[in-house]
Amino acid sequence: MQKPSARNVLGRHRESGWLERSVQTAEGPKNELREEAEVLGALLGSLVLQHLPGRSHIQHGGPPADERKCVSAGAGSDESSLLAGVSVEPWTRRLRASLAGQVGGPGLRIPRPRFGPAGDMASSGEDISNDDDDMHPAAAGMADGVHLLGFSDEILLHILSHVPSTDLILNVRRTCRKLAALCLDKSLIHTVLLQKDYQASEDKVRQLVKEIGREIQQLSMAGCYWLPGSTVEHVARCRSLVKVNLSGCHLTSLRLSKMLSALQHLRSLAIDVSPGFDASQLSSECKATLSRVRELKQTLFTPSYGVVPCCTSLEKLLLYFEILDRTREGAILSGQLMVGQSNVPHYQNLRVFYARLAPGYINQEVVRLYLAVLSDRTPQNLHAFLISVPGSFAESGATKNLLDSMARNVVLDALQLPKSWLNGSSLLQHMKFNNPFYFSFSRCTLSGGHLIQQVINGGKDLRSLASLNLSGCVHCLSPDSLLRKAEDDIDSSILETLVASCCNLRHLNLSAAHHHSSEGLGRHLCQLLARLRHLRSLSLPVCSVADSAPRADRAPAQPAMHAVPRGFGKKVRVGVQSCPSPFSGQAGPQPSSVFWSLLKNLPFLEHLELIGSNFSSAMPRNEPAIRNSLPPCSRAQSVGDSEVAAIGQLAFLRHLTLAQLPSVLTGSGLVNIGLQCQQLRSLSLANLGMMGKVVYMPALSDMLKHCKRLRDLRLEQPYFSANAQFFQALSQCPSLQRLCLVSRSGTLQPDAVLAFMARCLQVVMCHLFTGESLATCKSLQQSLLRSFQAERPALNVVVFPLLHEGLTDVIRDVPLVHLDEITLFKSRVAEEPPNLWW
């Protein structure tokens, strides 16, 4: 068989920019090469696994590794000369999991993977018939006898780019001479990403830096909270670093000073500023490096300017305020602690200013000190100004001066302001925009008339707009009227104007509002949104996808009680179909459903949120747990299992959130999602069906066995029973890394949790907030840490009663990467501008 040409296979993807990221177009994602990379990457993992002695326990089935017939790597012994004693890391299992079947038997046996309509491999591991039309070209080539190392270097480099850097340098490089040379290619070692590489231990990181540190130009250790400061300090050996992300890493002022003093080429920096930080301890060499930094991301856990005053050449400044109002000892913090600290920030070259505040008055007090300098002299080159504040943030004289100066002197392409700064003002009318790509008016009282006149400028062409956040804007799709209620129908002409003007939107958030559509042909919200063919992420209130308002002359549809999927805890009658297709009968999505039609027109959607308008999580930030919740919207009563089943059309779906769907009766639609959405990475379910009883557990158990790529699972449901049957079903998710369970009055079985953690070797985060006693929770948490902490350095376990008064103190110790991404519930669509940080 002729060797695949890198020019033909890989060149067309470089032309479309795929190598940096899979390009999404109106015709669909150009991910053919990703499929080839997954197939070949899995084969590479199996090849390494077969060559390495003493690792037969990793081969699931087949004879031990030492009894297998080694596969020749081509001509000569150079390709197969191996070093003894090389360990095989879990990446081989993760890569092999992407194959439809196992690689085993004598020699290199490769089953033919089956691809669905979207180009993804079937989840089944059964043997496939000899129909070459169903076989992927890469897999066909392998089955015909072409050896993996026979592919061109360019294709092999792309395959190797999917392997974690630690395994690439410390393991794969030692398998044969050809791979040893390829693993040191500049395209692989100039950029090293360690974030979420939970297997990266202290020794591995130190060895990695020792071997290729001089070649690394971009290094991300974001969220590596398990690495001590003494290990992070080894970054100083990477003398060629231009970009480094150390957010979430433990660093003192002295260690930061020592490290930055050696990085003279640094231009982009991300760090945390923790209690005890002292800018006076920074050396002159460190300050010289900071003076050349152009991009700074700074997460503040204490009132401080951090290193901002030293960065005199800043062009991009990202500030995350995570300061708690009180210390652990109960002392009240104040922003006045910053008075007298070094010099004020330098903003004269600033182009991007972003500030995100956690709840608390202290964060607002500190951000005002940062903004005070901007109010004196607004940078002329400023083109993105974004401030994200939960709750109210009163406007001061300094902020008024800042906004007035921006309206006169600045042309923006990204804007987000606190709701109190926009409500009732004509600020937007005076702002100047040039090809804007991001707008966020979350929680603002922005009416439909103001949206059209001040933002869209009466239907002005905004094809450059990529992301729009209207979360919590209850009147944004309604005409100006003082007598209008939030539950009244929307004005479809406003939405139609928005869709026509912003036709290239990729991210849209309309959650936390009652967007009810009136009856009328082609005027429903879902029908209008279906025109946005470029959408990749979408957040909607549950009530907005209901077909229409219930009429008195229309009898309500009877629930399909027979459509109960088979799962644990259900007795199956012989001869009776217990799990019919989710698309059959009333349990499946009807072709006439507006929601079904919406998703049919958005087949490449990757992120979907359906959140009840009145939903609020039982575990808010920095506050006691919420004991009571508001009832769901009456329109949401008509959204149930059939609408959930319609989500199964999204073959490229990676992130899914479903919250407050009261009419979920059996959860049969979840099974369809598990079967069809094979790319699903994160799943968040909250308050589905009746509150007093968990009705969808059998369906959830059937769903989980199909979620082979699921990494994050968050469940929030009152009276949830986390028993042995639930954890047995969850154990069928081999890629699961993070689990969060929030259940008021819920229960759990400690033995089942321990058995689950022993089976699921990739799990590094386990957060369980239930109704169990404090003694039970503490005992289970200690047992988990004692049993698994040594072999999982990144393990983070929190088991605590949900309604306990000490919950706030427990939450503050959770690593921010977990707290922000999974533990706390929030809408994440259009939360930040796309590509805000590398």
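Before any of the text, the structure's been laid out above.
This is a predicted model, so every value here is computed, not measured.

Draft legend 1. Here's a closer look at the pattern of salt bridges. Inspection of every chain in the model, using the stated rule, returns 18 salt bridges. A salt bridge links Lys-826 to Asp-820; its shortest N-O distance comes to 2.6 Å. Using a relative accessible area of 21% as the deciding quantity, one classes Asp-820 as partly exposed. Bridged by salt links that share partners, the residues Glu-322, Arg-356, Arg-621, Asp-820, Lys-826 and Glu-831 form one connected network.

Draft legend 2. Main features of the packing of helix H23 (residues 668-676) against helix H24 (residues 697-704). Running from amino to carboxyl end, H23 crosses H24 at an angle of 5 degrees, the nearest separation of the two axes being 8 Å. When the axis of H23 is compared with that of H24, the two are roughly parallel. On H24, the residues touching Ser-668, Leu-670, Val-671, Ile-673 and Gly-674 of H23 are Ala-699, Asp-702 and Met-703. For the contact of H23 with H24, the per-class residue count stands at 5 nonpolar, 2 polar and 1 charged.

Draft legend 3. A look at helix H29 (residues 816-823). When H29 is considered as a whole, its buried residues turn out to be Val-817, His-818, Leu-819, Ile-822 and Thr-823. In this structure, the buried side of H29 is in contact with strand E19 (712-716), strand E21 (738-742), strand E23 (765-770), strand E24 (796-801) and helix H28 (807-811).

Draft legend 4. How the structure looks around the packing of aromatic side chains. The tally for this structure, following the rule as stated, stands at 15 aromatic pairs. With a centroid separation of 5.1 Å and an interplanar angle of 90 degrees, the aromatic rings of Tyr-225 and Trp-226 are classed as edge-to-face. Residue Tyr-225 is classed as buried on the basis of its relative accessible area of 13%. Trp-226 sits in the buried class, given a relative accessible area of 11%. Here the aromatic rings of Phe-321 and Tyr-370 are separated by 5.6 Å at their centres, their planes lie at 80 degrees, and the arrangement is edge-to-face. Here the residue Phe-321 occupies a position in strand E8 (residues 316-321), and Tyr-370 occupies one in helix H14 (residues 361-376), the gap between them amounting to 49 residues. The residues Phe-321 and Tyr-370 share a single accessibility class, namely buried.

Draft legend 5. Here's a closer look at the pairing of strand E18 (residues 682-688). With respect to burial, E18 is a largely interior element, 7 of its 7 residues being buried. In this structure, strand E17 (residues 655-661) lies alongside E18, joined through 6 bridges in parallel fashion. If you follow Thr-657 over to E18, its bridge partner there is Ser-684. Following the chain from E17 across H23 to the adjacent parallel E18, one finds a crossover that is right-handed. Regarding topology, H24 serves as the crossover connection from E18 to the parallel E19, and that connection is right-handed.

Draft legend 6. Highlighting the nonpolar core. In terms of nonpolar packing, the biggest core is built from 202 residues, with Met-221, Phe-353, Phe-385 and Leu-529 touching the most fellow members. If we ignore the near neighbours within four places in the chain, the residues touching Phe-353 are Leu-317, Leu-319, Tyr-347, Leu-371, Leu-374, Leu-382, Ala-384, Phe-385, Leu-386 and Ile-387.

Draft legend 7. Layout of the environment of Leu-319. With respect to the helices, strands and loops of the structure, Leu-319 is situated in strand E8. For Leu-319, a relative accessible area of 0% gives the class buried. Expressed as a C-alpha distance, the spacing of Leu-319 and Ile-387, which sit 68 residues apart in the sequence, is 9.4 Å. Apart from the residues lying within four places of it in its own chain, the contact partners of Leu-319 are Gln-298, Val-308, Phe-353, Tyr-354, Ala-355, Arg-356 and Tyr-370.

Draft legend 8. Broad picture of helix H27 (residues 774-788). The end-to-end C-alpha distance of H27, which contains 15 residues, comes to 21 Å, matching closely the 21 Å that a straight helix rising 1.5 Å per residue would cover. Among the residues of H27, Cys-777, Leu-780, Ser-783, Leu-784 and Phe-788 are the ones counted as buried. Considered in projection along H27, the buried side chains sweep an arc of 130 degrees and stay on one side of the axis. Residues of H27 that are exposed and point more than 90 degrees away from the buried face comprise Ala-775 and Arg-786. Buried residues in H27 make contact with strand E22 (747-748), helix H26 (750-759), E23 and E24.

Draft legend 9. Here's a closer look at unusual backbone geometry. The residue Arg-443 is not glycine, and still its phi comes out positive at about 70 degrees. Mapped onto the elements of the fold, Arg-443 is located in the loop between strand E12 (432-440) and helix H18 (448-455). Residue class for Arg-443 comes out partly exposed when judged on its relative accessible area of 48%. The phi dihedral of Asn-835 falls on the positive side, at around 60 degrees, and the residue is not glycine.

Draft legend 10. Expanded view of the state of the cysteines. Under the criterion given, the structure shown has 0 disulfides. With no disulfide partner, Cys-310 has as its closest neighbouring cysteine sulfur the one in Cys-311, 6.5 Å distant. Overall, the relative accessible area of 16% leaves Cys-310 in the buried class.

Draft legend 11. Local environment of the side chain of Asn-469. By the secondary structure assignment, Asn-469 is in strand E13 (residues 467-469). Owing to a relative accessible area of 6%, Asn-469 belongs among the buried residues under this scheme. Within the local environment of Asn-469, its side chain forms a polar contact with the backbone nitrogen of Ser-471, the two atoms lying 2.9 Å apart. When residues no more than four places from it in sequence are discounted, the contact partners of Asn-469 are Tyr-438, Phe-439, Ser-440, Phe-441, Ser-442, Asn-509, Val-829, Ala-830 and Glu-831.

Draft legend 12. Fine view of the side chain of Thr-175. Tracing the sequence through the fold places Thr-175 in the loop between helix H7 (165-170) and helix H8 (177-182). Within the structure, the side chain of Thr-175 is placed 2.7 Å from the backbone oxygen of Val-172, a separation counted as a polar contact.

Cut-offs and rules
- Residue numbering note: each chain is counted from 1, following its sequence as written.
- In keeping with the predicted nature of the model, local features appear solely for residues at pLDDT of at least 70, side-chain atom pairs appear and are counted solely at 80 or more, and the whole-chain, interface and lining totals rest on all residues.
- Remark: hydrogens and water are excluded; side-chain values derive from all non-hydrogen atoms of the structure.
- The salt bridge definition used is simple: a Lys or Arg side-chain nitrogen within 4 Å of an Asp or Glu carboxyl oxygen.
- Accessibility here uses a 1.4 Å probe with only protein chains present; expressed as a share of the type maximum, an area under 20% marks a residue as buried, one over 50% as exposed, and anything in between as partly exposed.
- Between N-to-C directions, angles span 0 to 180 degrees; the directions come from axes that are lines fitted to C-alpha atoms, helices contributing only their stretch in contact.
- Under the scheme used here, helices are H or I runs from DSSP no shorter than 4 residues and strands are E runs no shorter than 2 residues, and both carry numbers assigned from the N terminus.
- Note on terminology: angles under 35 degrees are roughly parallel, angles over 145 are roughly antiparallel, angles of 65 to 115 are roughly perpendicular, and the others are oblique.
- Whether two residues touch is decided by their heavy atoms; if any such pair falls within 4.5 Å, the residues are in contact.
- Lys, Arg, Asp and Glu make up the charged group, whereas Ala, Val, Leu, Ile, Met, Phe, Trp, Tyr, Cys and Pro make up the nonpolar group; the residues left over, Gly among them, are polar.
- Stacked, edge-to-face and tilted are the three classes for Phe, Tyr and Trp ring pairs, Trp counted by its six-membered ring, which pair at centre distances within 6.5 Å; planes under 30 degrees apart are stacked, over 60 edge-to-face, the rest tilted.
- In this description, strands pair whenever DSSP reports at least two bridges between them.
- The handedness rule is simple: strands pointing away from the viewer, and a clockwise path from the first strand over the helix to the second, make the crossover right-handed.
- We call a set of buried Ala, Val, Leu, Ile, Met, Phe, Trp, Tyr and Cys residues a nonpolar core when their side-chain atoms join them within 4.5 Å.
- A helix is expected to reach a length of 1.5 Å times the quantity of its residues less one.
- An arc is given here, and it is the one of the directions from the helix axis to the C-beta atoms.
- The disulfide criterion used throughout: a pair of cysteine sulfur atoms within 2.5 Å.
- Within 3.5 Å is the distance limit for a polar contact, defined as a pair of N or O atoms, with the added protein rule that one can donate a hydrogen and the other accept it, and that residues adjacent in sequence qualify only through two side-chain atoms.

These figures capture arrangement, not role.
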